[in-house]
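Structure at a glance
Residue strings, one per chain:
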Amino acid sequence: MSQVPDTLRYTPTHEWLRQEADGSITVGITDHAQAQLGDLVYVELPAVGKALTAGDACAVVESVKAAADVYAPLTGTVLAFNDALASAPELVNQDPYGAGWLLRVAGALPPDTLDAAAYRALTESA
Amino acid sequence: MPADLLLKTPLHALHLAAGARMAPFAGWDMPLHYGSQLDEHHAVRAGAGVFDVSHMAQADLSGPQADHYLRRVLCGDVARIASGKALYTCLLNEQAGIIDDLLVYRLGADRFRLVLNAARREADLAWLRAGQAGFDVVLTPRDELAMLAVQGPQARTLADPLLPAALRAGVAGLARFAAAEEGDWLVGRTGYTGEDGYEIMLPAAAAPALWQALLQAGVRPAGLGARDTLRLEAGLSLYGHDMDDTVTPLECGLGWTVHWEPAQRDFIGRAALAAQRAAGPGRQRAGVVLVCRGVLRDGAPVLQDGRQIGHLTSGGFGPTVGRGIGLARVEAGAGGACTIRIRDRELPARFVNPPFVRDGALRVDLPPLVEV
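Worth saying up front: this structure is predicted, and the values here are computed from it rather than measured.

**A look at the pairing of strand 2 (residues 28–33) of chain B**
For a regular strand, side-chain orientation follows a simple rule: the groups alternate between the two sheet faces. Residues and elements named next belong to chain B. Counting buried residues along strand 2, five of its six residues qualify, which places the element largely inside the surrounding structure. Examined bridge by bridge, strand 1 (residues 21–25) and strand 2 share five bridges and lie antiparallel to one another. Looking at strand 2, one finds that Phe25 is bridged to Trp28. Where strand 1 hands over to strand 2, the hairpin turn is made up of two residues, of which Ala26 adopts a positive phi near 50°.

**Digging into the sheet that holds strand 7 (residues 67–71) of chain A**
Residues and elements named next belong to chain A. Spatially, 4-6-7 is the arrangement adopted by the three strands of the open sheet, whose pairing is antiparallel. Edge positions in the sheet fall to strand 4 (40–44) and strand 7, since each has one partner strand and no second. Neighbour-to-neighbour, the strand axes of the sheet open up by a mean angle of 25°, direction not taken into account. Pairing analysis gives five bridges linking strand 6 (residues 57–63) to strand 7, with the strands arranged antiparallel. Along strand 7, the bridge assignment pairs Ala57 with Tyr71.

**Here's the deal with the interface of chain B and chain A**
Counting residues at the interface gives 13 residues for chain B and 15 residues for chain A. Both faces considered, chain B and chain A share a buried interface measuring about 1,400 Å² in area, 47% of it formed by carbon and sulfur atoms. When the buried surface of chain B facing chain A is broken down by residue, B:Arg293, B:Arg297 and B:Arg343 rank first, second and third, together holding 38% of it. Between A:Glu44 and B:Arg345 there is a salt bridge, with its nearest N and O atoms 3.5 Å apart. One can count 15 residue pairs in polar contact (both at pLDDT 80 or more) joining chain B with chain A. Within the residue set of the side of chain B that touches chain A, elements represented by two or more residues are helix 2 (37–46) and helix 8 (224–233) of chain B. Tallied by class, residues from the side of chain B that touches chain A come to three nonpolar, four polar and six charged.

**Brief notes about helix 9 (residues 270–279) of chain B**
Residues and elements named next belong to chain B. Restricting attention to buried positions, one finds in helix 9 the residues Arg270, Leu273 and Gln276. Looking down the long axis of helix 9, one finds its buried residues gathered within 130° of arc, a one-sided arrangement. Every exposed residue of helix 9 that faces more than 90 degrees away from the buried side is listed here: Ala271, Ala278 and Ala279. Packing partners of the buried residues in helix 9 comprise strand 5 (86–92). Positive phi shows up at Gly280, right after helix 9, with a value of about 90°.

Definitions and cut-offs
- Residues numbered from 1 in each chain as written.
- Chains lettered and ligands numbered in written order.
- Predicted model: local features only at pLDDT ≥ 70, side-chain atom pairs only at ≥ 80, totals over all residues.
- Heavy atoms only, no water.
- Buried < 20%, exposed > 50% of the residue type's maximum accessible area, 1.4 Å probe, protein only.
- Helix = DSSP H or I, 4+ residues; strand = E, 2+ residues; numbered from the N terminus.
- Pairing = 2+ DSSP bridges.
- Axes fitted to C-alpha atoms, helices over the stretch in contact; angles between N-to-C directions.
- Contact = heavy atoms within 4.5 Å.
- Buried area = accessible area lost by both parts, 1.4 Å probe.
- Salt bridge = Lys/Arg side-chain N within 4 Å of Asp/Glu carboxyl O.
- Polar contact = N/O pair within 3.5 Å; in protein donor to acceptor, adjacent residues only side chain to side chain.
- Nonpolar A, V, L, I, M, F, W, Y, C, P; charged D, E, K, R; others polar.
- Arc of directions from axis to C-beta.

See the structure below:
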């Protein structure tokens, strides 16, 4: 059973979002998503300052077998990316909601994201 | 194909019990991994892993003209192998395109075992039967047999005590590419990982007990995912990717499986292959290794000086190499630096001679990693 923390927001495409104290939004992929992908061996992230449009592909996570797009869950500007993933992409597998975060974005939390219960229902029905 | 229509090996229930992630492969429901493909890859490089390869087709060929017949249908010459030895070679069409790559074990003067790719079973058997006219041979599919591949530096040490007592003397000191037979058991010191080990052909009913005994002895179950990264690092070709019936052995790095001598042996495809050899094949196989971080994928264009000179036939991430690696089909004579187009980026890479890894050790010089 994959973990779905109650404190986060989610997208149907398996990204999670967390509003930080400074107003920025941290983005990653869910435990369910990393488990489906299997061992990650490469993560391609956008540069700081890049403008993201909600719904567009903004990053790529690659497992041994397949590459998967990560979709921007909000419109905004990249404030930071997790550069530890360059040499240790497995952090996404090991700690998807912590050390395996992907991006920090300046923008507003979109109103149409899912809460934990709705995301859990989505993955359990899949 | 719906999962309930997929074929199941005799170990299917044990795969499910071990928590395998299953995936369809050539009409079979096969284990992709049992939790971590990378851990399984490293276990085979460092210790021992066991693969269920019962989906591969086995067929026996016997009769007074079995040797004569195989010398006609295979580009490698079975006259070169003594009883108890194996040969890796190809089945060619008249244009020298590869119908399949296969292992042939000679079990006697006029008795052989063929091991064929699962996806090519029907095509191979139809071709082999069509070519039988005029030869006194009998082709017998052995669908009642299973096959386990035990691979890794510890594979033989761990597997030997678990084999039937009558086989142990036969496997003791078995040379590479040699095999021991006892009843319906055939153990070949062959494999598809670049490591030492066995491929064990055995009655389906005996396979679950051997599988469980291997696991209890510390052999790790490994799925098709690890099988693919291991074989790619070993520089071994995969049918349908690195070769198919439009590609000749000379164009995909399998020229060594062709035996040109004796000159009078007229194997199917020989004339077309000889003409291509005389003219010089226009394309060849090459290994590539990324100079930056990333993963390579099948089909990716390979470029030199901004011009596409070929494409990747296999691509991935080499867990032991620690880089993106691939096999490519490119214009003859290509070498040095190149770029590989992955999505919208062109990644710097170098041509290298496979294997990337053999017997646990890196076999290529890795260029220093650059950031792009």
